[in-house]
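As a plain string of letters, each chain reads:
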There are 2 protein chains.
Amino acid sequence: MCEANAYIVNGEQEELYLENVDRVIMEDGHLILENIFGHKKIIKAQIKELALVDHKIFLERIEEAD
Amino acid sequence: MCEANAYIVNGEQEELYLENVDRVIMEDGHLILENIFGHKKIIKAQIKELALVDHKIFLERIEEAD
């Protein structure tokens, strides 16, 4: 299986956000992540980097405009 | 190996852009794609969707502002 783990990048930090991600859908400035177990999470972020052979997805939060 | 094929989505059409992609890096509104053979391509686009178990990355071109 070729799922990947999604991490939120914050400066030098990488925080694990969701494991075993299969699908990511960009919709209205949000990302909908769904893993192979059907677990879904929605985050206001964008995909910063993919490293698929290493099974990694790096996300960057989008700041809310006031 | 868990590389994926990158497609450009244009309405109902999916056009193959680069096969066997390992890394995708977002930089200054462009995407840099690199496949497992070291072949690199740069495109003004964003990642619209990932379907990793199906080995697919869907890209959407960003229109140039005049």
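For the structure itself, consult the block above.
Owing to the predicted nature of the structure, the values given are computational and were not obtained by experimental measurement.

Draft legend 1. Quick look at the environment of Val9(B). All names here are of chain B. Examined against the element boundaries, valine 9 turns out to sit in strand S1 (residues 4-10). On the basis of relative accessibility, which here comes to 17%, the residue valine 9 falls in the buried class. Considered as a pair, valine 9 and arginine 61 are 52 residues apart in the sequence and their alpha carbons are 7.9 Å apart. Filtering out sequence-adjacent residues up to four positions away, valine 9 remains in contact with Glu14, Lys48, Phe58, Leu59 and Glu60.

Draft legend 2. Just the interface of chain A and chain B, in detail. On the chain B side, the residues contacting the 22 residues of chain A number 22 residues. Between chain A and chain B, the buried area comes to about 2000 Å², and carbon and sulfur atoms account for 62% of it. The closest approach of N and O atoms between Arg23(B) and Glu49(A), which form a salt bridge, is 2.5 Å. Contributing elements (two or more residues each) for the side of chain A that touches chain B: strand S2 (13-27), strand S5 (45-51) and strand S6 (56-61) of chain A. When the residues that make up the side of chain A that touches chain B are grouped by side-chain class, the tally is 14 nonpolar, two polar and six charged. By the bridge criterion, three bridges tie S2(A) to strand S5 (residues 45-51) of chain B in an arrangement that is antiparallel. Note that in S5(B) the partner of Val24(A) across the bridge is Leu50(B).

Draft legend 3. A look at the nonpolar core. Within the largest apolar cluster, 32 residues are counted, with the highest numbers of intra-cluster contacts made by Leu33(A), Ile57(A), Leu59(A), Leu33(B), Ile57(B) and Leu59(B). Sequence-distant contacts of Leu59(B), defined by excluding residues within four places in its chain, comprise Ala6(B), Tyr7(B), Ile8(B), Val9(B), Tyr17(B), Leu31(B), Leu33(B), Ile43(B), Ala45(B), Gln46(B), Ile47(B) and Lys48(B).

Draft legend 4. Just unusual backbone geometry, in detail. Residue and element names in this part refer to chain B. Of note in the backbone geometry, asparagine 20 takes a positive phi value of approximately 55 degrees without being a glycine. Following the sequence through the fold, asparagine 20 ends up in strand S2 (residues 13-27). Located in the positive-phi region is histidine 55, a residue other than glycine, with phi close to 60 degrees. Within the fold, histidine 55 resides in the loop between S5 and strand S6 (56-61). Accessibility expressed as a relative area gives 28% for histidine 55, which makes it partly exposed.

Rules used in this analysis
- Residues numbered from 1 in each chain as written.
- Chains lettered and ligands numbered in written order.
- Predicted model: local features only at pLDDT ≥ 70, side-chain atom pairs only at ≥ 80, totals over all residues.
- Heavy atoms only, no water.
- Helix = DSSP H or I, 4+ residues; strand = E, 2+ residues; numbered from the N terminus.
- Buried < 20%, exposed > 50% of the residue type's maximum accessible area, 1.4 Å probe, protein only.
- Contact = heavy atoms within 4.5 Å.
- Buried area = accessible area lost by both parts, 1.4 Å probe.
- Salt bridge = Lys/Arg side-chain N within 4 Å of Asp/Glu carboxyl O.
- Nonpolar A, V, L, I, M, F, W, Y, C, P; charged D, E, K, R; others polar.
- Pairing = 2+ DSSP bridges.
- Core = buried A, V, L, I, M, F, W, Y, C linked by side-chain atoms within 4.5 Å.

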